[in-house]
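Reading the structure
Single-letter residue listing:
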Amino acid sequence: MRISSAYLHQQAVSGMGLMQMQIANTQQQLNTGMRLTKPSDDPSGIAALLMIRKGIDTNTQYQSNINAASIRLSLEENALTAVNSDINRAKELVLQGNTDTLDNGQRKALAQEARHILSSIMSLANTKDSAGDYLFSGSRSQTEPFVAQANGSVSYQGDEGVRKLQIGSSREVSVGDNGKEVFQAIRNGNGVFSITGNPANTGSTTISGGSVNGTTMTDDYTINFIQALPTDPVTYEVRDSSAALVTSGAYTAGANISFGGVAMSVKGVPANGDQIFVNRSRNQDIFTTLNNMITALETPVTTSADKAKLHNVLGGVISDLEQARAHVMQFVSSVGTRQSTIDSQRETNDTLILHGTLTASSVEDLDYAKAISDFNRQTVGLQAAQQTYVKLQGMSLFNYL
Amino acid sequence: MATLFSIGVSGLQAAQRSIAVTSQNISNSSVEGYARQRVELMTRDPVRLGNQFVGAGVNITGVTRQHDQFLDDQVVRYTASSNMSEVYSKMSSQLDELFADKNINVSESLQKFYDSVQSVAANPSYIPSRQVMMSEGQSLVERFQVFDSQINELGNSLNQSLENYASELSSLSSSIAQLNRDISLSGGKGVAFSPNDLLNQRDSLVRKVSELANVQTAYLADGSVNLFIGQGQPLVLGPEAFKITTIPNEFNASNKEIAYVTSAGTFKITDQITGGAIGGSLAFRNEVLNPAQANIGRIAYGIADSVNQQHRMGMDLNGDYNRTFFDFANAGGKAVADSQNLGNAVLGVNITSTTGMSAVKGYELTFNAGVYTLRNLDDNSTQGVPGFPYSVPGGGFSLHLTSGAMAAGDKMFIQPQAPRGQVLINTNNTGAASVNVTVTDINKTNGDEYQMTYNGVDFTLRNLTDNTMTTLPGTTTFPYDVPGKGFQIYISGAAAATDTWMIQPTRLGAQSLSVAVKEPAEIAAANPLRSTADVQNLSTATITAPVVKDIGNSALTNPIQIVFTGAATFDVFDVNTSTTVAAAQVYNSLGTTLRYNGWEVTLRGAAQTGDKFNVEYNANGVGDNANARMLADLQNTKNMDNGKSSLQETYSALTSEIGTKTRLANNFNASQVALLGRADAQREQVSGVNLDEEAADMMRFQQAYQASAQILVAADKMLQTLFNALGR
């Protein structure tokens, strides 16, 4: 077989060129530390890699969302904890004021402190976050949520929006609660119904709590006390909101009166025409409760009817405050739960990022040991090719002529 | 004695000629395509002396070229295929590197954009976050444009090479024709006079032709060769050469086509050329470059359109809604039927003004009591629509009823900023028809491109990817929705038979994008509506946040109150007009969904009589991030390829496809190069020059020369001896 000299030469040169290309490729891998330098190096690998990188980046973004969420939630937790201790202090004041041993002046002093508590809760409810957004104004984050009106009541200017943030691929968390939920939507009374004496009552009846038989009441009721003549026995009748008679009977101090799923006892001496309202619980904001308390403490007590009224109102305030405290605590614990949720999500995301980084690295990163051994093998190969080429070129019959 | 001299001289001559040929071989040993030559010797006819024959020496019968036609043809064939694969693979590698380049590829920029949307969600009213989202949007747009212009750049250099290839082909053909003439004139028939070096030159030029394109050869008896390219178009016929040139593509003048010049005119033969550098370039353009650009465009449209659709649903810091985030240059329009429509009308929108639809927010078309009313959502002005088709005065568009009819109470949202397809008109068209293509559903598009032909009666749409045909009868009411492909075609004016158009639904995507939002406050992060439960409600029933279903509803933000008239019934009350608009709706405490004025809410939980819920405009809702979260969600939404892939997945798939094609091209090229190498080796075995062999030959012929010379010396000596003897 004839081997043409030009072909032999060309083959050797192109062989060396190919080896040099391989060496350049390996060297580029070693320089960049990457196994994949372009999509054609591993088309399916690069597609997977793009998705893995997206996963890493997205989870990193979730981590920064978590940081933002965490800051807002701890702000909220601090504010609500402070509100809770304010309410506790208010409760102590009511219990003090609800005794007969205090005179009007001492009660006024209590009312003074209650006013401070009111304004403290107001300012807590108007807390701003680091970006200058109000924490409790819902989506109207640039609108001051709670504003005192001329008549002393407090109105809510925010809305019911709740900001949510994505903290994981399928997990969103609320990073706040609106002021209406937290400070306004507080059920008064015992949560099912509230009992109030008619302010115009002249008797000295006081109401001692009440219990509920069912879970709901479906109507509002009025208890009317009737004593046509001072010598007559006192009777009572219970009418519903459409003035229909529900039940009636003779009044015995301390005995239970039951109707419409409620039972309650009334003490003291009612006057003819005295009324007690038993209404379904309605939402009453914390500020109204505090205002009621302040008004009652500031009202001078002279008669036994005044005294009964004071006890009745403050009794109501105590249960309203207890409702408010429980309500606020519910949000404190919900915020705590969310905090722990995002903490665990943070760990999950960290794991995902780590896992993604490892996977990406296994797809795109260079196995140095292998690359270096490849490089050595390739350089040895090239060297051998070069040496044989030189030898071969030297081998010519012409040398011997 | 005389014989001895003539024998010696013949030997000398033979040796001399052989050494000359050997040195020719040696000096041409590295000339590509050179075929080794050999001196053919033959013993001279003997002389009869008496009853004996005495040898008379040696004759040179010719100098032959060592070659095998089959092996030569094989080399020509493999040269064409390996050159084709080499050009294809080189060009794909360039595109491949574009996709690998971190500073150009779209993937990273896309991620940054979505990250910036998340930041807006975390701090909706914080202007710097919004600023970042705007500039990330801008840099995404720029990425697309850079990518697109790089693809165009590849296309331009491809066109430039095609021109070079064509002129090279022409000059090769005339050189070969000239050589053919010389060969046949030097009477290439007889072996003795074979013009070996001319033949060598010509064959290496044929090989050069095959580097450019597949070529068929036909060798003639007079030694000349005929060459044919494409499907039998003669390139060289004996001494006659034909010209190859480039002409502009009939649809797009900047694209070059290979053409064949005859006395009857210039004919496009692009589609018939395979193999060689030309075949490789053309295959790359059709198989890789064009689909890549169409798909990049599709992804750009996909991102912009999905972001726009969601962005419309949101409210910005100025309290405005129904605005886009991205703009398309030369955008189309589309009519979206309300999901509560009872009728089955399908409407089409055709943009008639070069500035597009005049209302930025679009229009709402309603049908009530037999009257169509069109409301401009920018300024709320209304006008009557007498019937279809209807060109909206000052609106910049016309409305067309494609099929069906509207029922009383039906609504259509006429949306601007629909992605527009590219329509290229054949320069040979004689009709006056104008064709518009609008992408109505990017989810259904797949990057296919089409050629549309009119035969005088019907339009036919040929899918250039799979060659399937769709016929649009001449009676079609336009706009015509191409079934399952996500775009519609509008044709107006009279087409002439044989008119053709190229339809590229997504080709313009990457270059037509821009960011519509001009200032950070215009980013729509909030829900335009809010729902509230009355604080005096007795029950704990809840209402979900309103979900906007029809942003084009003109009554969208009207305050509406839901009032419970019992535990299981509610009324819907319009606060503005103080009227009950829907009475005694049935309520189920497990969840009742109410759809009204283009929004939807769900109420849940045991309700009590007198409970009230409000749905109203989200005034001052600057802290709301509901829409920003929906925008961020788009990153994972499967809104491409008929709901099978997310945008990021579509981009990954495209990257992987380009990578695969490049890899296949590289592998194919390697195999073709190996085949060519083998064919070359086989040819070299026959035609190649081995220097050792030539050295040995040289020595052999040198010795033969010396020996022949010695014969002359011997003969001379013999003669001298004779002369000396006689001279005494």
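So, here's what we can say about the structure. Since the structure is predicted, the reported quantities are computational estimates derived from the model, not experimental observations. (Residues numbered from 1 in each chain as written. Chains lettered and ligands numbered in written order. Predicted model: local features only at pLDDT ≥ 70, side-chain atom pairs only at ≥ 80, totals over all residues. Heavy atoms only, no water.)

What about the interface of chain A and chain B?
Taken together, the contact pairs 53 residues of chain A with 68 residues of chain B. Interface of chain A and chain B: buried area, both sides summed, is about 5000 Å²; carbon and sulfur atoms make up 51% of it. Joining chain A to chain B, the criterion identifies two salt bridges. The tally of links between chain A and chain B comes to 31 residue pairs in polar contact (both at pLDDT 80 or more). Counting residues per element, the ones that place at least two in the side of chain A that touches chain B are helix H1 (5-32), helix H2 (43-97), strand E3 (164-168) and helix H4 (179-184) of chain A. With 13 residues, H2(A) is the single largest residue contributor to the side of chain A that touches chain B. Considered class by class, the residues forming the side of chain A that touches chain B number 19 nonpolar, 17 polar and 17 charged. (Contact = heavy atoms within 4.5 Å. Buried area = accessible area lost by both parts, 1.4 Å probe. Salt bridge = Lys/Arg side-chain N within 4 Å of Asp/Glu carboxyl O. Polar contact = N/O pair within 3.5 Å; in protein donor to acceptor, adjacent residues only side chain to side chain. Helix = DSSP H or I, 4+ residues; strand = E, 2+ residues; numbered from the N terminus. Nonpolar A, V, L, I, M, F, W, Y, C, P; charged D, E, K, R; others polar.)

Side note on the sheet that holds strand E11 (residues 265-268) of chain B
All names here are of chain B. If you walk across this open sheet you meet the three strands as E9-E10-E11, and the pairing is antiparallel. Both edges of this open sheet fall to strand E9 (243-248) and E11, since each of them pairs with a single strand only. Each adjacent strand pair in this sheet contributes to an overall mean axis angle of 40 degrees, direction not counted. Of the strands in this sheet, E9 and strand E10 (256-262) are in contact with helix H4 (residues 127-185), which crosses E9 at around 155 degrees. (Pairing = 2+ DSSP bridges. Axes fitted to C-alpha atoms, helices over the stretch in contact; angles between N-to-C directions.)

Describing the pairing of strand E5 (residues 215-219) of chain B
All names here are of chain B. In the sheet, E5 pairs with strand E6 (residues 225-229) via five bridges, with the strands oriented antiparallel. Paired with Tyr 219 across the two strands is Val 225, which belongs to E6. Linking E5 back to E6 in an antiparallel pair, the connection comprises five residues, with Gly 223 at a positive phi of about 90 degrees.

Regarding the pairing of strand E7 (residues 221-226) of chain A
Residue and element names in this part refer to chain A. Buried residues dominate E7, accounting for five of its six residues. By the bridge criterion, six bridges tie E7 to strand E8 (residues 235-240) in an arrangement that is antiparallel. Bridging across to E8, Thr 222 finds its partner in Arg 239. Pairing analysis gives four bridges linking E7 to strand E12 (residues 275-280), with the strands arranged antiparallel. Its bridge partner lying in E12, Thr 222 is registered against Phe 277. (Buried < 20%, exposed > 50% of the residue type's maximum accessible area, 1.4 Å probe, protein only.)

Description of helix H7 (residues 368-394) of chain A
An α-helical turn contains 3.6 residues, so any two residues separated by three or four positions project in the same direction. Its 27 residues give H7(A) an end-to-end C-alpha distance of 39 Å, which sits within 8% of 39 Å, the value for a rise of 1.5 Å per residue. Those residues of H7(A) lying buried are A:Ala371, A:Asp374, A:Gln378, A:Leu382, A:Ala385 and A:Tyr389. (Expected span 1.5 Å × (residues − 1).)

Thoughts on helix H3 (residues 104-125) of chain A
All names here are of chain A. Look at H3: 31 Å from first C-alpha to last across 22 residues, which is about the 32 Å you get at 1.5 Å a residue. Those residues of H3 not exposed but buried are Arg 107, Leu 110, Ala 111, Ala 114, Ile 117, Leu 118, Ile 121, Met 122, Leu 124 and Ala 125. Buried residues of H3 fall within an arc of 155 degrees about the axis and therefore sit on the same side. On its buried side, H3 packs onto H2, strand E1 (146-148), strand E2 (154-156), H4, helix H5 (286-298) and helix H6 (304-364). The opening residue of H3 is Asp 103, an N-cap whose side-chain oxygen sits 3.1 Å from the backbone nitrogen of Gly 105. (Arc of directions from axis to C-beta.)

Quick notes on the nonpolar core
Among the nonpolar cores identified, the biggest contains 117 residues, and B:Phe144, B:Phe326 and B:Ile489 are the most heavily contacted of them. For this core, the element with the most residues is H4(B), which contributes 17 residues. Setting aside its immediate chain neighbours within four residues, B:Phe326 contacts B:Phe113, B:Gly137, B:Leu140, B:Val141, B:Ile303, B:Ala304, B:Val307, B:Asn308, B:Ser514, B:Val515 and B:Ala516. Membership of the second largest hydrophobic core comes to 41 residues, among which are A:Leu93, A:Leu110, A:Ala324 and A:Val328. (Core = buried A, V, L, I, M, F, W, Y, C linked by side-chain atoms within 4.5 Å.)

A short note on empty space enclosed by the protein
Residue and element names in this part refer to chain B. Within the structure shown, the criterion is met by four cavities of 30 Å³ or more. Around the largest cavity, the lining is made up of 13 residues, and of these Asp 72, Asp 203, Ser 204, Arg 207 and Arg 683 lie nearest the centre. For the lining of the largest cavity, the elements supplying multiple residues, two or more each, are helix H2 (69-100) and helix H5 (196-212). Among the elements that line the lining of the largest cavity, the one with the most residues is H5, at five residues. Residues that form the lining of the largest cavity fall into these classes: five nonpolar, three polar and five charged. (1 Å grid on protein atoms, 1.4 Å probe; cavity = no way out; pocket = protein on both sides within 12 Å on 5 of 7 lines; lining within 4 Å. Points joined across faces, edges and corners; volume = space filled by probe spheres on them.)

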